[in-house]
Amino acid sequence: MASSNASTESKAVEFLHTGITFLEPYIQQYGLYAIFVIIYLESFGAPLPGESALVASSLLAVRGDLSVTDLFFTVWIAAVLGDGTGYAIGHFGGRPLLKRYGWLVKLTPERLEKLEDLFRRRGPIIVVGARFVVVLRQLNGLVAGSVGMPWHSFFLANLLGAALWAAVWSFGPYYFGGLFHEYWR
């Protein structure tokens, strides 16, 4: 049992090391612009490893390659703008697409109505919570815009959700990464 735990821990450390090794040249070359682009594109729907890039960047900040505070604000702004772009795309084009092609993802008119009702009742909670769930994070703005969530509600929830998410994944690995590194030695 102990060797199984050691193997899992070793794989986790290797994964983080690989992520940092992959990102490091981009960070050295483009700095926070690279992280901004990744987070922005992921936030409006592109299937990119935004959270992994953020954790790896936070660990690079431990090394002194980045300012963790600058990282946090860059990620927060990119996430808000990306989700806002997704919302606009959903708001201006999503509903007709959902009505026309929703059947491809088993979104019947009844399910669409339930989704709209859910966003009317719990939209801000969904927007904040979805930030922490893979796939929901990418589709959050698109769906909120498509189902007609009011912009002001979306914007405030998006600001809060992005701030919490950016804080957890910027400052968490930065402050606690050293503890895990010591444990895994």
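Analysis parameters
Residues numbered from 1 in each chain as written. Predicted model: local features only at pLDDT ≥ 70, side-chain atom pairs only at ≥ 80, totals over all residues. Heavy atoms only, no water. UniProt positions renumbered as here; feature names shortened; annotations may be inferred. Helix = DSSP H or I, 4+ residues; strand = E, 2+ residues; numbered from the N terminus. Buried < 20%, exposed > 50% of the residue type's maximum accessible area, 1.4 Å probe, protein only. Axes fitted to C-alpha atoms, helices over the stretch in contact; angles between N-to-C directions. Parallel < 35°, antiparallel > 145°, perpendicular 65-115°, else oblique. Left-handed = near helix turned anticlockwise from the far one by under 90°. Contact = heavy atoms within 4.5 Å. Nonpolar A, V, L, I, M, F, W, Y, C, P; charged D, E, K, R; others polar. Salt bridge = Lys/Arg side-chain N within 4 Å of Asp/Glu carboxyl O.

As named in an unreviewed UniProt entry, the chain is Membrane protein DedA with SNARE-associated domain, taken from Phyllobacterium bourgognense. Under the UniProt heading Subcellular location (unreviewed entry), the note attached to the chain is "Cell membrane".

What follows covers the environment of A34. Among the structural elements, A34 can be located in helix 2 (residues 32–43). Residue classification places A34 among the buried residues on the basis of a relative accessible area of 14%. Distance from A34 to L23, taken between C-alpha atoms, is 8.9 Å for residues eleven residues apart in sequence.

Bringing the packing of helix 5 (residues 109–130) against helix 6 (residues 136–146) into the picture now. Between helix 5 and helix 6, the shortest axis-to-axis distance is 11 Å and the interhelical angle comes to 140°. Looking at the two axes, helix 5 sits oblique to helix 6. You can see that helix 5 and helix 6 cross each other, and the crossing is left-handed. Counted together, L115, F119, I126, V127 and A130 of helix 5 and L136, R137, N140, V143 and A144 of helix 6 form the full contact between these two elements. Taken together, the residues of the contact of helix 5 with helix 6 sort by class into eight nonpolar, one polar and one charged.

Following the sequence through the fold, T69 ends up in helix 4 (residues 68–101). Given the relative accessible area of 39%, T69 is considered partly exposed. Remark: the alpha-carbon pair of T69 and F171, spanning 102 residues in sequence, is separated by 8.3 Å.

Within the structure shown, the criterion is met by six salt bridges. Where D83 meets R131, a salt bridge forms, and the shortest distance between an N and an O atom there is 2.8 Å. Placement of D83 in helix 4 and of R131 in the loop between helix 5 and helix 6 is noted, with a sequence separation of 48 residues between them. The two residues D83 and R131 agree in class, both being buried. For R121, the salt bridge identified is with D117, shortest N-O distance 3.0 Å. Remark: D117 and R121 occur in helix 5; sequence separation between them is four residues, near one turn of the helix. Given the relative accessible area of 49%, R121 is considered partly exposed. Owing to a relative accessible area of 30%, D117 belongs among the partly exposed residues under this scheme. What you see here is one network of salt bridges that share partners, running through E42, E51 and R137.

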